[in-house]
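Architecture at a glance
Listed below are the residues making up each chain.
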Amino acid sequence: MQDQHYFSVTHQLNVNLELIEDDNLPSSYSEFEALIPEPFTLANSSHHHGLLGLRALKQLGEAGEQLLAYLQAQEQKLNRVLSYVLVQQDSSEHRTTSHQFGGSEIHCFWDSPLKAGQMVRLKIFLPEESSAVFCYGQVQGSQSVAHSQQQLLHINYHWIRDEDIETLVRASLHVQSQQLKARADARLLAEKK
C-alpha cells in the first residue's frame, strides 16, 4: 500500500481493469508479488536503468563508442521484443483507457459507476516506455462524463511495487515534457505567423 501523492498528467493509455472481491485480494506484499505475471516483472526490473553506466565506454575512444552503439542497438531490439510480449498481456475483455495517470493514481473510463472502496486489478500499458505495470487499486469515486454514457473512475494504487511507482512517475514526467515541448512549438509557430 502507498500513501505518497505524486503529480498526474492527462494522457490516454490502454488499461485492463478487473473488479476484484475483497476475498480475492492478496493478503500480503509477498503474495501480491507472487501474483505479478512474469512479463510485468521483466518490464520494470533492471530494464529501465538503460545504458547509463555504459556511457563510460566513450572514454575508451572510437572502440568504446562503437561498442556503446552496438549495445544501444541491442537494447532497442530487446525493448521491441518486450513491448510485443507485454501487448500479449492486454485483454480486450477488460480494456479501457486512462484519462489521467501518475505515480499514486489513475483515472479511467468505465461503463458504469463503481462505489468508493471497490477493489480493482490493473494492467497499465506504457508503450512509450516499453513497459507495463501490474497492480491493485481502490476506487475513490466515479463521476459522469459529459456527453457520454461513461463514468470516470478515480483509482488510488493499493498494492504496487516501488519500481512500478518509479516507472509511472518517469512516464508521467516524460509525457509532461512532450506536452510542454508541443505547446512551446505551437507558441513559436503562432508567433511566426
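Structure report, in brief. (Residues numbered from 1 in each chain as written. Predicted model: local features only at pLDDT ≥ 70, side-chain atom pairs only at ≥ 80, totals over all residues. Heavy atoms only, no water.)

1. Thoughts on empty space enclosed by the protein
- Applying the stated rule across the entire model yields one cavity of 30 Å³ or more.
- Residue lining of the largest cavity: His 11, Leu 13, Phe 101, Leu 126, Glu 128, Glu 129, Ala 171, His 174 and Val 175, and that is the complete set.
- When residues in the lining of the largest cavity are grouped by element, the largest group, three residues, is from helix α4 (residues 162-192).
- For the lining of the largest cavity, the residue count by class is five nonpolar, two polar and two charged. (1 Å grid on protein atoms, 1.4 Å probe; cavity = no way out; pocket = protein on both sides within 12 Å on 5 of 7 lines; lining within 4 Å. Points joined across faces, edges and corners; volume = space filled by probe spheres on them. Helix = DSSP H or I, 4+ residues; strand = E, 2+ residues; numbered from the N terminus. Nonpolar A, V, L, I, M, F, W, Y, C, P; charged D, E, K, R; others polar.)

2. A word on the pairing of strand β7 (residues 151-159)
- Counting buried positions along β7 yields seven of nine residues, so the element is predominantly enclosed.
- Sheet analysis places strand β6 (residues 131-144) next to β7, joined by eight bridges and oriented antiparallel. Paired with Ser 144 across the two strands is Gln 151, which belongs to β7.
- Following β6, the chain reverses through six residues before pairing antiparallel with β7; His 147 in that reversal takes a positive phi of roughly 60°. (Buried < 20%, exposed > 50% of the residue type's maximum accessible area, 1.4 Å probe, protein only. Pairing = 2+ DSSP bridges.)

3. So, the side chain of Lys 123
- As for its placement among the helices and strands, Lys 123 is situated in strand β5 (residues 119-126).
- Buried and unpaired, Lys 123 has Glu 18 as its nearest opposite-charge partner, separated by 5.1 Å.
- Polar contacts involving the side chain of Lys 123 include one to the main-chain carbonyl oxygen of Gln 89, which spans 3.3 Å.
- Setting aside chain neighbours within four positions, we find Lys 123 in contact with Asn 14, Val 15, Asn 16, Phe 40, Gln 89, Val 133 and Phe 134. (Lys, Arg positive; Asp, Glu negative; His and termini not counted. Salt bridge = Lys/Arg side-chain N within 4 Å of Asp/Glu carboxyl O. Polar contact = N/O pair within 3.5 Å; in protein donor to acceptor, adjacent residues only side chain to side chain. Contact = heavy atoms within 4.5 Å.)

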